[in-house]
Amino acid sequence: MQPIISMEYKGMKRILLDHGSGGLASNRLIQEIFVKYLSNDILNSLDDAAYLKVSERVSFSTDTYTIDPIFFPGGDIGTLCISGTVNDIAMLGARPRYLSCGFIIEEGFLIDDLEKIVKSMADTAKKAGVLVVTGDTKVVPRGSIDKIFINTSGIGELIVDCPMSGKRATPGDRVIINGTIGDHGLAIFTARKDIDLDFEVRSDCAPLNSLILELVSKIPEVHVMRDPTRGGVATTLNEIALQSNVCIELFEDALPIKTGVKDGCDILGLDPLYLANEGKFLCILPEKYVDDALEIMKKDPLGKDATLIGQVKETPKGKVVLNTKIGGKRLLSMLEGEHLPRIC
Amino acid sequence: MEGVDIQKNIKGLVSRIEDNLKGPFRFMEVCGTHTVSIFRSGLRSLFPPLLEHISGPGCPVCVTHSIDIAMGMELAEKKDIILAIFGDMMRVPDHRGMTLKDLRAKGANISICYSPLDSLKLAMDNKDKEVVFWGIGFETTVPTVGATIIQAKKMGIKNFSVLSHHKIIPPALKFLVESGDVEINGFLLPGHVSTIIGVSPYEFLAKEYNIPSVISGFEPMEILDALYMLTLMHKNETPQVINCYPRAVKPEGNKKAQEVINEVFEVSDGYWRGIGEIEASGLEISRDYVEFDAKKKFGLKPRDVTQPKGCRCGEVLQGKISPKDCPLFGKKCTPISPVGPCMVSTEGSCAAYYKYGV
């Protein structure tokens, strides 16, 4: 094999197929970017697998991030791929501990951009108190994928006796959200379409585990926790209503939505209830714990806008009903297909 | 407290409407934005039992005939064409059940635009391609399309044209009341369309057919105000056309927009989904702007195509049946795999029933 002169990372601008070959170029990339930022004893051993010690009951989750654009107001694919999986793990009532990350990178991708992304991953992992302990990088020929895809998987230790589940919503329960709805979805939508609104909309992308830990360690009974990502609050609540075979009623006038997000959605024909969130979770719990839960949430910056937004009822089973501002009722259905801009 | 006040006002108005009703009163709205507002706000759940709401042909995507859809699809399949569309057209199935989404997956170049002006920019950025804007919409949309064509002419842009399937509302209303198939006791007239055309094009509804009609805004309170006026005129047997949306609608409409329409378009017969051809209800690009007429530029001719089997969108659009009466509703036809256009557009009555109906 010919020596690869250009494999020197410093001074090189773009990812080459060599970087995924497993040879010297790969090694340099691992050392000079991945290990540099994500360093910890387990990762640094660079064995084929990570050696972990965890408690008996674990929560395990995986997600693949293909977001476009990869840099957006409020975060980037690096922030997202850590906080997204951390949040999924935490939703069961678990303390996220270890993550893996797999990169698929398009040939020609800017190394500076990769470094920015990995730095965001490191910052977010630090915030969340998790370690990235194993990883993989593949480089594919230009045009095979769009820039960069990242998969993260992770495990966390359960700290509750009875894990939260979408099946546990019970009539009489209340629904709380930790803050404003639709920020991430609108930020991505406007960045992707290059739409310039008069106000800045930023993604809410953030790891929620410390807030969740605080909540589940102090509130003895939380039935459901779920992060309303793709499909938004409306779709997530529909999933829960179906899983638990209950009706979930939302109070329209209580929904926390930033004025800018509301206006932006009006202009673009979008509905905040169907827009993705990346730093929010829905929490369904018995009515008697509502005040305590809100108080705990509001103490955390990620929960300062926490609001009671709905309640669980018996019927109509499997449906989400919106109690509208004017005192009417209507169905809030699941998102069907792509969220397309509206005509007119 | 604000919420409680609104609810109190709404309740009050609903009961005043109820007081006007001595028997069933059926009103039709002919604007997709009204359809959505009535459903989305939950207003429909508050209507008194005697007040019957039907949605007419007010959703531009829904009224687009299979013949016109076939023409747009034919264009999308041509090489070196970028078809610029409003988002909703993406999922409308043609007579074969194919959509632009399917064509895009096969390699067709389709671009979703928010404004016709975006498509002009697209043409300037893609000089080696022909960019065609698929003009779907009523009087509200037409002036912007017209202005875009005027702009294109001024700038001497050669690779831009418009496939005009625009429609105008009053002839469709005339057709509905003349056919007499459905009893309509009152019209809730479209706020947006009226800002352009004004009040007088609707006068015939009251004068010739004794049907009270009210131009209304889109907030729930505005709609209820309009319904109060409609039911009052019905009770007193004093049919008139009333403008309850004066902050946006001037009696004479928007003269400037009308001038643009008259400059760039000429009235022609139009195909309406489920209805067929209605005299003088369509808009073609006028002779002065013929170089921007995609039909002429690409030699497109209407083809005789069949409507999808079992689809009753046509009857829904005329208020003859409720979406729930269609055997395909919610079964074979859902927003994710729509058979007819009324299930595609967010403004379509079938989609509204499916999405919001409790």
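It should be noted that the structure appears before, not after, this text.
Residues numbered from 1 in each chain as written. Chains lettered and ligands numbered in written order. Predicted model: local features only at pLDDT ≥ 70, side-chain atom pairs only at ≥ 80, totals over all residues. Heavy atoms only, no water.

1. Overview of the interface of chain A and chain B
With 23 residues of chain A at the contact, the number on the chain B side is 34 residues. Note on chain A versus chain B: buried area summed over both sides is about 2600 Å², and carbon and sulfur give 60% of it. Our enumeration of links across chain A and chain B arrives at one salt bridge. Residue Asp271 of chain A is joined to Arg40 of chain B by a salt bridge in which the shortest nitrogen-to-oxygen separation is 3.5 Å. The tally of links between chain A and chain B comes to seven residue pairs in polar contact (both at pLDDT 80 or more). For the side of chain A that touches chain B, the element with the highest residue contribution is strand E13 (residues 329-331) of chain A, accounting for three residues. Of the residues contributing to the side of chain A that touches chain B, the split by class is 10 nonpolar, five polar and eight charged. (Contact = heavy atoms within 4.5 Å. Buried area = accessible area lost by both parts, 1.4 Å probe. Salt bridge = Lys/Arg side-chain N within 4 Å of Asp/Glu carboxyl O. Polar contact = N/O pair within 3.5 Å; in protein donor to acceptor, adjacent residues only side chain to side chain. Helix = DSSP H or I, 4+ residues; strand = E, 2+ residues; numbered from the N terminus. Nonpolar A, V, L, I, M, F, W, Y, C, P; charged D, E, K, R; others polar.)

2. Side note on the nonpolar core
In this structure, Leu100 and Phe160 of chain B are the most contacted members of the largest nonpolar core, which totals 102 residues. Apart from the residues lying within four places of it in its own chain, the contact partners of Phe160 of chain B are Ser119, Leu120, Ala123, Glu130, Val131, Phe133, Thr148, Ala152, Glu291, Phe292 and Lys297 of chain B. Core analysis: the second largest hydrophobic core is formed by 38 residues, Leu38, Ile89, Cys101 and Val132 of chain A among them. (Core = buried A, V, L, I, M, F, W, Y, C linked by side-chain atoms within 4.5 Å. Buried < 20%, exposed > 50% of the residue type's maximum accessible area, 1.4 Å probe, protein only.)

3. Some words on the side chain of His166 of chain B
Within the secondary structure layout, His166 of chain B lies in strand E7 (residues 166-167). Here His166 of chain B is in contact with Gly135, Ile136, Gly137, Val142, Val145, Phe265, Ser281, Gly282 and Leu283 of chain B, once residues within four sequence places are set aside.

4. Concerning the pairing of strand E4 (residues 94-106) of chain A
All names here are of chain A. Strand direction decides the pairing type here: E4 and strand E6 (residues 148-158), joined by 11 bridges, are antiparallel. Opposite Arg95, over in E6, you have Glu157 as the bridge partner. Taken together, the nine bridges between E4 and strand E5 (residues 131-140) define a ladder with parallel strand orientation. The residue of E5 that forms the bridge with Tyr98 is Leu131. Regarding the hand of the β-α-β motif, the stretch spanning E4, helix H4 (residues 111-128) and E5 is right-handed. (Pairing = 2+ DSSP bridges. Right-handed = clockwise from strand over helix to strand, strands pointing away.)

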